[in-house]
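Summary of structural features
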Protein chains: 4
Amino acid sequence: MLAELRGLNEECGVFGIWGHEDAAQISYYALHALQHRGQEGAGICVKDGKKLHVVKGEGLVNEVFSGEKLSHLTGNSAIGQVRYTTENGRGIENVQPTVFRSTTGSLALAHNGNLVNAAELREHLERQGSIFQTTSDTEVLAHLIKKTSGTLTQRDRVKKALSMLKGAFAFVIQTEDGLMIAQDPNGLRPLSLGKLGDAWVVASETCAFDLIGAECIRSVEPGELITINSKGLHSDRFAEAADSAMCSMEYVYFSRPDSDIDGINIHAARKRCGKQLAREVHIEADVVTGVPDSSISAAIGFSEESGIPYELGLIKNRYVGRTFIQPSQELREKGVKMKLSPVHQVVKGKRVVMVDDSIVRGTTSKRIVNLLKEAGATEVHVVIASPPLVSPCFYGVDISTDSELIATGRTVDEIKDVIGADSLTFLSTEGMLASIGRSQEMKNCGQCLACFTGEYPTEIYSDTVLPYEKEIVR
Amino acid sequence: MLAELRGLNEECGVFGIWGHEDAAQISYYALHALQHRGQEGAGICVKDGKKLHVVKGEGLVNEVFSGEKLSHLTGNSAIGQVRYTTENGRGIENVQPTVFRSTTGSLALAHNGNLVNAAELREHLERQGSIFQTTSDTEVLAHLIKKTSGTLTQRDRVKKALSMLKGAFAFVIQTEDGLMIAQDPNGLRPLSLGKLGDAWVVASETCAFDLIGAECIRSVEPGELITINSKGLHSDRFAEAADSAMCSMEYVYFSRPDSDIDGINIHAARKRCGKQLAREVHIEADVVTGVPDSSISAAIGFSEESGIPYELGLIKNRYVGRTFIQPSQELREKGVKMKLSPVHQVVKGKRVVMVDDSIVRGTTSKRIVNLLKEAGATEVHVVIASPPLVSPCFYGVDISTDSELIATGRTVDEIKDVIGADSLTFLSTEGMLASIGRSQEMKNCGQCLACFTGEYPTEIYSDTVLPYEKEIVR
Amino acid sequence: MLAELRGLNEECGVFGIWGHEDAAQISYYALHALQHRGQEGAGICVKDGKKLHVVKGEGLVNEVFSGEKLSHLTGNSAIGQVRYTTENGRGIENVQPTVFRSTTGSLALAHNGNLVNAAELREHLERQGSIFQTTSDTEVLAHLIKKTSGTLTQRDRVKKALSMLKGAFAFVIQTEDGLMIAQDPNGLRPLSLGKLGDAWVVASETCAFDLIGAECIRSVEPGELITINSKGLHSDRFAEAADSAMCSMEYVYFSRPDSDIDGINIHAARKRCGKQLAREVHIEADVVTGVPDSSISAAIGFSEESGIPYELGLIKNRYVGRTFIQPSQELREKGVKMKLSPVHQVVKGKRVVMVDDSIVRGTTSKRIVNLLKEAGATEVHVVIASPPLVSPCFYGVDISTDSELIATGRTVDEIKDVIGADSLTFLSTEGMLASIGRSQEMKNCGQCLACFTGEYPTEIYSDTVLPYEKEIVR
Amino acid sequence: MLAELRGLNEECGVFGIWGHEDAAQISYYALHALQHRGQEGAGICVKDGKKLHVVKGEGLVNEVFSGEKLSHLTGNSAIGQVRYTTENGRGIENVQPTVFRSTTGSLALAHNGNLVNAAELREHLERQGSIFQTTSDTEVLAHLIKKTSGTLTQRDRVKKALSMLKGAFAFVIQTEDGLMIAQDPNGLRPLSLGKLGDAWVVASETCAFDLIGAECIRSVEPGELITINSKGLHSDRFAEAADSAMCSMEYVYFSRPDSDIDGINIHAARKRCGKQLAREVHIEADVVTGVPDSSISAAIGFSEESGIPYELGLIKNRYVGRTFIQPSQELREKGVKMKLSPVHQVVKGKRVVMVDDSIVRGTTSKRIVNLLKEAGATEVHVVIASPPLVSPCFYGVDISTDSELIATGRTVDEIKDVIGADSLTFLSTEGMLASIGRSQEMKNCGQCLACFTGEYPTEIYSDTVLPYEKEIVR
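Source: prediction; values computed, not measured. (Residues numbered from 1 in each chain as written. Chains lettered and ligands numbered in written order. Predicted model: local features only at pLDDT ≥ 70, side-chain atom pairs only at ≥ 80, totals over all residues. Heavy atoms only, no water.)

Now for the interface of chain D and chain C. Across the contact, 57 residues belong to chain D and 59 residues belong to chain C. Between chain D and chain C, roughly 4,800 Å² of surface is buried when both sides are summed, and carbon and sulfur atoms account for 57% of that area. Seen at the junction of chain D and chain C, the total is two salt bridges. Ionic pairing is found between Glu311 of chain D and Lys271 of chain C, a salt bridge with its closest N-O pair at 2.5 Å. (Contact = heavy atoms within 4.5 Å. Buried area = accessible area lost by both parts, 1.4 Å probe. Salt bridge = Lys/Arg side-chain N within 4 Å of Asp/Glu carboxyl O.)

Here we come to the pattern of salt bridges. Enumeration according to the criterion identifies 76 salt bridges over all chains in this entry. Salt-bridge contacts for Arg279 of chain A lead to Glu305 of chain A; the nearest nitrogen and oxygen are separated by 3.4 Å. Remark: Glu305 of chain A occurs in helix H10 (residues 296-306) and Arg279 of chain A occurs in helix H9 (residues 266-280); sequence separation between them is 26 residues. Taking the shortest distance from any N to any O, the salt bridge between Arg37 of chain B and Glu250 of chain B comes out at 2.8 Å. (Helix = DSSP H or I, 4+ residues; strand = E, 2+ residues; numbered from the N terminus.)

All names here are of chain A. Within this structure's numbering, the places UniProt gives as "binding site: [4Fe-4S] cluster" (unreviewed entry) are Cys247, Cys393, Cys448 and Cys451. A maximum C-alpha distance of 10.2 Å places the annotated residues, which cover 205 residues in sequence, within one compact spot. On the accessibility criterion, Cys247 (7% relative accessible area) is buried. If you trace the backbone, Cys451 turns up in helix H16 (residues 450-453). (UniProt positions renumbered as here; feature names shortened; annotations may be inferred. Buried < 20%, exposed > 50% of the residue type's maximum accessible area, 1.4 Å probe, protein only.)

Whenever strands of a sheet pair, they do so through backbone hydrogen bonds, lying parallel or antiparallel. Residues and elements named next belong to chain D. Read across the sheet, seven strands follow the order S3-S2-S4-S1-S10-S9-S11 without closing on themselves; strand pairing throughout is antiparallel. Each edge of the open sheet carries a strand with a single partner, namely strand S3 (51-58) and strand S11 (215-219). Geometrically, the sheet is characterised by an average inter-axis angle of 15° between neighbouring strands, direction not taken into account. Here four bridges tie strand S1 (residues 12-18) to strand S10 (residues 199-203), and the two strands are oriented antiparallel to one another. Paired with Phe15 across the strands is Ala203, a residue of S10. (Pairing = 2+ DSSP bridges. Axes fitted to C-alpha atoms, helices over the stretch in contact; angles between N-to-C directions.)

And the structure:
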């Protein structure tokens, strides 16, 4: 499904590199590969000697960085972030990396995820005199690090601070003498470690490694704190690994098809989900089409298993940047179709299987079903390569509240009627788990199913709030 | 294959609309749908009363037009163009539409194609006192119209002028009281007529109609001159239709998969080419992958017919605009891969069928074969969904000179060795013609095969020159 | 008076250079010095070998040229223009230099001035088949050059073409092998020749020479055609010098105070006008203040002669570029003052002499008188350092039509009442002539007084139209 | 003297408004009037209900704010800043206003000045767990406010925090329910209170009031804390007023001539300084000229008193924004003169009195003397409208260290020789004090003379450092 069409968005993508003379430039290309994880802000912080220099701004990676700006970012270690922002997180002050200056050592942080005890920690810290300049969880960690007793080593202070955080988080931290990388105890958000020649790299997705020519070594482990400095790489733990619970939506929707998570390729996993769907339902139809871009793999799999030919029944119109002039409501009503065009000759007079990765509020599905019918499809069978979304996410996915989720309190048949499809099928939870292929029994290979089941892998604190409700707390 | 990676480029896309109060805005969206035909310049000229107002500039459609600029373009008729420019055609003065002011009536022209007798006509016109401000063929037509005797009606003057042109051309002309649309006698470049409510629209590709919600009526016929004004639409001829010769590369590579040319859908035609290829060659392999974006349809067809699974083995990295900072040669050599990333898990240890639409100089094919092998493919079988390119194009495709074409003077086996493939197969000319499905016998349904065969559908004048040699003539 | 506040604007400034390896960069700085003559468009055309390359655009010099664009303009000869545009002259196609391509030799032209027989010549040329792409007079000359018989040398063709033009014009022409410079027979617009080391330079104002470190040699003479090429500089005539008639407003208002015209420094001339004014009127007052920027010199002179102290009673607020957000009418009414602020402490309780260079429609004068009174001035005596403007200009000054000129059909006393001044004095024509110091008797040192007297130095053709009425003709 | 030419720069300008429905727009225009105080960053923070919204960025006011951005800043209270930045203060994170979020109430701060005990306070705060995101003094105040006991009212907490600051500071603070305004106990930086209809306004300079149509009420007093909220304006003290010590350089150089400080108009004060100079020295000369823009008033005064005519002998070339392409060193050496052009006819063969406001390193003075001599001046007598600068400033003026000041350890005669003048005269300290006209005896009308005398009005703490040395401390 199209990210632009609905409220299902990733919070961001992070990257880090240690030991490469072109650290900032490599980061620029890596962030470009992660651009799909956040289009609203980007930043890179390099370490030059002991000094941290940051360039960041609102917009796409190539809007934020000019050749000149990039050329000024010299140094052989860097971290970066691309950012998706919710309404409350707008503003240049929330773009990361965020730098914290201190006489005892400056820090820059880039973060992917969402803490469930952020409000509690903020209140606790404020009571002790901390003041906050951003609304991001990132700042909470910086304050916690600073508050811990000064007799500890820096690594121990960071470990102690990390151990107080609850929720989903993948942190990349640039210190004055090294890089620190942390993954939450459940391993909710993907974070991979790699090598680029002699340099170490870390990224939210392995597709960044491919673009820069790096090799993926392994995932950062739940509860692990990696420190990289002139003495080399040191792995440590700030917490026991809890039940591993990698976000299902990374496989279903967020990650790029050429990325791997824990060794499982996203395209392959999605294709297997599509095949499994075809085994779970039998549909008499003429063509299979996927909703670009994230549902293409599942559609190919469905076609292969069902024997129904795969066709390009929907074409995405690609808009460039924030300067595109959106059509007025009047023009939309007159028929101007942005984002998706149906391919008339492919669907006209045909029974169409429309494969999508998920349904959030249902409005988009309804619109696409309608597009296909207007273009002449005689039947539209919607098959969804994941189970129904029934619960909100507290771990960094900007999913709607449960009252907005079409699947909350509706039967599949009722949803089918709402979106106007001739039939509607969701992949079973078991089918999805088996297709993705993480073993639920293994310690480090679990999967978070909270949005499908309402069972959260972490405690949900009294102050746990949806990202878009944070403003109220302040 | 990727447009950015080689010298095979379309000259432009044109659009026109008559009788719609939002003429400029509709044109903006239509040009966006045609953006793939030219990324280096864009312009829209509206007629407001009898006055012509033009906004144009270098860059993408959304870079050239701001909401403010667009809002000033009021009027109910407009023409527009997106432009690909060769090295010699650079500069704001060559961006179209071009307006010619005259006390006897101003004109604005937008053009797609290339004249083979342009240099001859220019010299002829200059001898009679014409002076030129651009290097484009468009200006030649404007001068010819002006030079014809003043006693003729405007339509007759235009007809007389058009009859002197040789080569490929699709013109959309905005006059002070109407719209004129002309297609060359061989119908070399696509041009379709449609309706949007009561308004008439014309576009290089039907995908523009889909986006704005218009209905395709028919193709503009070879040798036809259509005049649309307050009295309605009038069809006329400036020349007998010659042997119809629609550009093959429109089906093979240029057009968007959701466009139709003469009722034939591009995706469907490409898929049939892929199927036909699978019938013409037998390959033992594990996966089929297409080179995005234009080869995806053929790859799907090849997979369907051969039974070898279709996978996303190559992912395109999407760059936005001209501000993207290209990696230095040094970074490229260090492994930074722009444009295409192989999907390791899909190709590792696999025998891969790599489907591409065509091979021009061979350098890109060599690079992609190499990418796949580095990613672990054990065998790479290249199959090309069109015949070998052996002759230059004089009709507006910026193809290399024959000395640069890898297929000129080389056997298929020799090409295979150059690109490092384990096998190489081209689609037969007969297979391509049959798959695309235009009937060669029918008057209006022929196909230009010049780049594959060296047989040109028009005379080639003494002054016919490759586009990039024009500068020498001046 | 402030250019932004009224309809009294210069058409443009031109520059040319021959024989300097940094031709384009020198042009960039020279055009910056001429920026006050036109803020709406700028362009530079260099000759590299025999090829002409042009970069131009709408906006200020530093908005049009980036370092990258400038670095691509290599070659040792260049011409440039900064452009003021009337409503009808908008659009990128009217920005100069304009390049005309021809097999017999390309030309680029930059022009300052206005032809009085342009419409007649256009019609004549169109009847012979010429077509125009711009609304500028520049194109007329290019067509005339082209139309003249081919047996003449290029220089003779240019001379013949120039001899057909009537009105005010200063042309700088870049040909494939040289630079040509022409001044109209009356010498209506300033144009100076200089040397920068071994290179020749030409500019509308000598302040451009100062900035680039060039030395002024002399003015280009009325009716002179200078040709500069590899053989050196050659001076010729295309017409007998008519009665010299340098535009008075150049001294009064347009030119920069540090420029000289025919050896007379502008600041010095204005100061003498101010002194003369003080001799022509006696005012009892406490302070003298000038309306910035162009009236400062006259105010200093008035103060010096009258003995009344000169003070900064009005301060200009400087806006940068076209992106400045203008206050709404509502905010203006609430008191937001753009452009000019009175200095309260300087004028409060004082009898103020307010020196301005001229009055066009009177609305601005009225506003400034009001500003001063609101700030506490007890009396405001307006003295104008030039005679009343009563006739329109046909030579390139975008002055209002006579019906809009406040001085047309009104006595000085009536004007005084309209603007709310306590007294109003204009400099006498004789006083102005004597103060500026061109000798009216000398052949080359006359002065155009048409806007003050209605006596035009050239014939006024039947087709002579105000610049803003040109559109009607087309 | 020209700000661009030397290291003598103001830190910034601040503005605040309470009770106006167009608060953000009024701030935009007011900041434009303060633009001369800082060109490197600008920001506005509005209070909408209880929420604070900020827009800020690097560049000029009109580069940072688009009409769209401004229109989103709704609310009836706002604060703003324009910023000059030293090398160490670069970066978007240092642009103000800075917002500090807290559950107990958010704050936004805008600051003009420099603390002398900032490093000490930072260290103290860090030891207690504070972490800093900027290198600005502003953040120190925010932390101090937060650290004070929670049982105090907000106003008392702010007073307590302010009382710990030493040095020069003018703060404008936006709280969730009001505006707070503070001036340091010595009143080192100007800060004026005004009314715009029913709304309260505060600004670094009164020229901002004139532009927006506000009336100046009085200066904010040394040690005063003004609170404005829905209950009205409340004046309070956080410290006893110390010896008043308004920065002399505000009169000499920084402030706009149309501003008043403590009721003394800047232009008038400078003119009196020029007159006094003419009384302190007798020079035989032909013309007086000022170095634009800040020395014009003194030059007018010198001319008036000495009877030597005032002329425009030097013209400033105005560059627009940061996009201007600076000439290469090579071009400069070839004679390209940026920033200042001499007016040849005015100075040629003349004995010139060149009036400047001050001399810092002397390099600029040397260059200008040289310019005038090259342009033909037979003698150049430099007169400086202030005493020699011999000591660094710790209060926010980015003056050079004493080792760079040409006047440190040199006699006037030696300086004269370095800059190549025929004579050199500085205004006496007594002459300056008398001319400016603040009474040294009065409590609130003293003047800081530290840069002329080395006697600082405040303690200089062990950690007092020059602004550009701050980086070392971190």
